[in-house]
Amino acid sequence: MSQALTSSPSILAWLKEKIKLVQPDSVVWIDGSEEQLAQLRAQSVASGELLPLNAGKYPDCYLHRTAVNDVARVEHRTFICTPTKDEAGPTNNWMAPDEAYSLLHSIAAGSYKGRTAYVIPYSMGPVGSALAKAGIELTDSIYVVLNMAIMTRIGQKVLDVLGGSNDWVRGLHCRCDIDEQKRYICQFPQDNTIISVNSGYGGNVLLGKKCFALRIASYQGKQEGWQAEHMLILGVENPKGEVRYICAAFPSACGKTNLAMLIPPEGYQKAGYKVWTVGDDIAWIRKGPDGRLWAINPENGFFGVAPGTNAKSNFNALASAQKGTIFTNVALNLDDNTVWWEGLDKNPPSHAIDWRGNPWDGTTSTEKGAHPNSRFTSPAKNCPCISSEFEAPQGVPISAFVFGGRRAKLAPLVYQSRSWNHGVFVGAIMASETTAAASGTVGVVRRDPMAMLPFCGYNMADYWQHWIDIGAGLDADKAPKIFNVNWFRKNDDGNFLWPGFGDNLRVLDWILARCEGAADADEVAIGYIPKAADINIIGLGDEVGPAQLDELLSVEPALWQEELAGVTEFFGQFGDRLPKALNAELETLKSRLA
Ligand code: OXD
Ligand code: MN
């Protein structure tokens, strides 16, 4: 065993127990030094786990391919292991802790034989921030170490700040045989513990991300009076140089990374608008001394979906992935040893290797070169529009919460809730057409409250109550305003009505104007919608004319009636646990629509 980097009794005791269980040949503590990381990169290149890319075009970048049966989060194999099933609620898979521990320990036992154990101390949030929390991940994968080194703050400094505190999350990851039948991603919220076995795919094995920063942290937030949300954080700077921050929740692969890094449309750029990225996936939110809500991004990098990322859709993400990046499951262009994915450009390589590791001819093959959920893991500091507040220990003050989903019909381009509790209702009734970020059918509508369906570490009804309680603790003038957006509405011919991407700033602009009391609105059954004249469409030309904008903002009561049936059924699962305030909002909406 390499020299322990801490004398923390709780860490050393946990580690001793786990090492005894998994039986590695050796144990290496990750100190966070560049030297050690460089040595691990060299080792994984030698073993073929990572392929170094063209050093001129992609300095310090690598390609990794996962097993073909291990390419996305596995929600059906993800469990919340609370003492009772009710605590996990009807939307989570549940396993009793004793049963889960004994199953997982039997799978993990001896699984590191012939392998090295890596001990990764990491911080979610800037090291030393009052909003940050620490974790230890024990893994037998160098890929995990190198990804965690990008996605989180790692090493000695984390342990120094943690000292002897017992407030850290225990994470055990065992690759085992990547056996789908024995793949389990288990969270034990009461024990601050995560165990993940038989996977090597990011969302299942980078335990700081979904498992800790959302599932465990959402539970911690409930206990401790703060929130962990599946939200990007962005700052919009107006021509006066004032920056206002927005947190926005969308289900996986609905463009959170794109929105977080958007480039303002030309007219806005000329007027002096700028957008600053604080985070693209997760927000930890807490009331500050000034009575407002403040948010940090607990992560240190981006684990972005590659397909569809290009200079037009997300120039800043592409720039972020130009150096120091690990690509997973994209295509390899053999001509110049670079990477390619669908939607990068119109020139697929003809001499390539696809994500499965097979020879691939992008010009003739009907197979995809990159997996639809292929990823880039890039340091946040690479991002050209990273916020100056990215490392700020206190985070940034939030003006607005935005919820959104992928809905071809129904939801208008944007609407505002009438109150905090109505806003919680708007988040709670979110639904979206499914994408490739999780395994399962793509394109069916599923309810995904606050985009937290796969990530809420306890009963969703209690989580909603927590949202309501947070609002009750805020002065009305300090509480963020709550909105819903839909970039994905289609006309009857199946074409998108809204251009999206940078033009989404036009909608954020209205949202922020509402927050400042500087824009009017029309009250309709579902909330407040913009007066068409208040959405700036200058410069969109024929793309969005006034008639199209009207269609985008239209609310069809008949469709909403149908939606309400689905919401009523969904809420019904929670029985008496459903917060009364949400039931009241549902009744109000029913009567307004009638
Ligand atoms: C992600 C996801 O990877 O939500 O961010 O799936
Ligand atoms: Mn996500």
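Residues numbered from 1 in each chain as written. Chains lettered and ligands numbered in written order. Predicted model: local features only at pLDDT ≥ 70, side-chain atom pairs only at ≥ 80, totals over all residues. Heavy atoms only, no water.

(A) Just the packing of helix α2 (residues 34-47) against helix α5 (residues 142-151), in detail. Running from N to C, α2 and α5 cross one another at 140 degrees; their axes reach a closest spacing of 10 Å. Classed by the angle they form, the pair α2 and α5 counts as oblique. Handedness of the α2/α5 crossing: left-handed. The residues of α5 that touch α2, namely those facing L37, L40, R41, Q43 and S44, are I142, V145, L146 and A149. (Axes fitted to C-alpha atoms, helices over the stretch in contact; angles between N-to-C directions. Helix = DSSP H or I, 4+ residues; strand = E, 2+ residues; numbered from the N terminus. Parallel < 35°, antiparallel > 145°, perpendicular 65-115°, else oblique. Left-handed = near helix turned anticlockwise from the far one by under 90°. Contact = heavy atoms within 4.5 Å.)

(B) Quick look at the packing of aromatic side chains. This structure, assessed with the given rule, holds 26 aromatic pairs. Note on Y201 and F303: the rings are 5.9 Å apart at their centroids and 55 degrees apart in plane angle, and the pair reads as tilted. Separated by 102 residues along the polypeptide, Y201 in the loop between β11 (193-197) and α7 (202-205) and F303 in strand β18 (residues 301-305) bring together distant segments of the chain. Residue Y201 is classed as buried on the basis of its relative accessible area, which comes to 2%. Its relative accessible area of 5% is what places F303 among the buried residues. Aromatic side chains W464 and F574 sit 4.9 Å apart centroid to centroid with 65 degrees between the ring planes, which places their arrangement in the edge-to-face category. Here W464, found in helix α13 (residues 460-472), pairs with F574, found in the loop between α16 (557-572) and α17 (580-593); they are 110 residues apart in sequence, far enough to count as distant. Side by side, W464 and F574 carry an identical accessibility label, which is buried. Put simply, the rings of F425, W464, F570, F571 and F574 pair up and form one aromatic cluster. (Phe/Tyr/Trp six-rings, centres within 6.5 Å; stacked < 30°, edge-to-face > 60°. Buried < 20%, exposed > 50% of the residue type's maximum accessible area, 1.4 Å probe, protein only.)

(C) Representation of the coordination of the manganese ion (ligand 2) in the model. Of the protein atoms, only K210 (NZ), H230 (NE2) and D281 (OD) coordinate the manganese ion (ligand 2), at distances of 2.1 to 2.2 Å. On the primary sequence, the residues serving as donors to the manganese ion (ligand 2) are separated as K-x19-H-x50-D. Taken as a pair, K210 in helix α8 (residues 208-224) and H230 in the loop between β12 (227-229) and β13 (231-237) lie far apart in primary sequence, 20 residues in all. Classification of K210 by relative accessible area gives buried; the value is 6%. (Donors = N, O, S within 2.8 Å, 3.2 Å for Na, K, Ca; no water.)

(D) Quick look at the pairing of strand β14 (residues 243-249). With five of seven residues buried, β14 lies mostly within the body of the structure. Note: β13 against β14, seven bridges, orientation antiparallel. Each residue of the ladder has a partner; that of L234, found in β14, is I246. Counting the residues that bridge the hairpin from β13 to β14 gives five residues, and of these G241 lies at a positive phi of roughly 90 degrees. (Pairing = 2+ DSSP bridges.)

(E) Just the sheet that holds strand β21 (residues 338-340), in detail. Read across the open sheet, the four strands follow the order β21-β20-β22-β23; overall the sheet is antiparallel. Here the strands that pair on one side only, and so sit at the sheet edges, are β21 and β23 (359-360). Here strand β20 (residues 331-333) pairs with strand β22 (residues 352-353) via two bridges, running antiparallel. Bridge pairing in β22 places N333 opposite A352.

(F) Here's a closer look at α16. The end-to-end C-alpha distance of α16, which contains 16 residues, comes to 22 Å, matching closely the 22 Å that a straight helix rising 1.5 Å per residue would cover. W560, E563, L564, V567, F570 and F571 are the residues of α16 that are buried. Taken down its axis, α16 places every buried residue within 125 degrees of arc, on the same side. What points out from α16, more than 90 degrees from its buried face, is the exposed set A558, E562, E569 and G572. (Expected span 1.5 Å × (residues − 1). Arc of directions from axis to C-beta.)

(G) Up close: the site of ligand 1. Close contacts around ligand 1 come from nine residues, with R73, K210, S252, D281 and R375 the closest. Contact distances for ligand 1 include 2.9 Å between an oxygen atom and a side-chain N or O atom of K210. R375 places a polar side-chain atom, nitrogen or oxygen, 2.8 Å from an oxygen atom of ligand 1. Relative to its unbound accessible surface of 210 Å², ligand 1 loses 93% to contact with the protein. Looking at the shell around ligand 1 residue by residue, the classes come out as two nonpolar, two polar and five charged. (Near = heavy atom within 4 Å. Polar contact = N/O pair within 3.5 Å; in protein donor to acceptor, adjacent residues only side chain to side chain. Areas by Shrake-Rupley, 256 points an atom, 1.4 Å probe, with all protein chains shown as cover. Nonpolar A, V, L, I, M, F, W, Y, C, P; charged D, E, K, R; others polar.)

(H) Structural view of the pairing of β13. Extensive coverage of β13 is indicated by the burial of seven of its seven residues. Of the two faces of β13, both are covered, the one formed by M231, I233, G235 and E237 as well as the one formed by L232, L234 and V236. Judged from the five bridges that link them, β13 and strand β15 (residues 274-279) form a sheet pairing that is antiparallel. If you follow I233 over to β15, its bridge partner there is G279.

(I) The arrangement of the nonpolar core in detail. By size, the foremost hydrophobic cluster in this structure holds 94 residues, and its most contacted members are W284, F401, W420, W464, W467 and F571. Counting 66 residues, the second largest nonpolar core, distinct from the first, contains L232, I246, A331 and V507. (Core = buried A, V, L, I, M, F, W, Y, C linked by side-chain atoms within 4.5 Å.)

(J) Representation of the side chain of Q416 within the structure. Along the chain, Q416 falls in strand β26 (residues 414-416). Not counting residues within four places of it along the chain, the set of residues in contact with Q416 comprises K481, I482, F483, W510, R514, G527 and Y528.

(K) Seen up close, the domain arrangement of the protein chain. For the protein chain, the assigned domains read domain 1 (9-30 + 75-224), domain 2 (229-297 + 390-593) and domain 3 (303-382). Each of domain 1 and domain 2 has a C-alpha centre, and these two points are 31 Å apart. For the domain 1 and domain 2 pair, buried surface summed over both sides reaches about 2,700 Å², with 55% attributable to carbon and sulfur atoms. If you sort the residues of domain 1 by the area they bury against domain 2, E75, L131 and K222 come out on top, with a joint share of 25%. Run the count over domain 1 and domain 2 and you get five salt bridges. Among the ionic pairs, R577 bridges to D86, the shortest N-O distance being 3.9 Å. Put simply, domain 1 and domain 2 have 16 residue pairs in polar contact (both at pLDDT 80 or more) between them. (Domains from an automatic or database assignment. Buried area = accessible area lost by both parts, 1.4 Å probe. Salt bridge = Lys/Arg side-chain N within 4 Å of Asp/Glu carboxyl O.)

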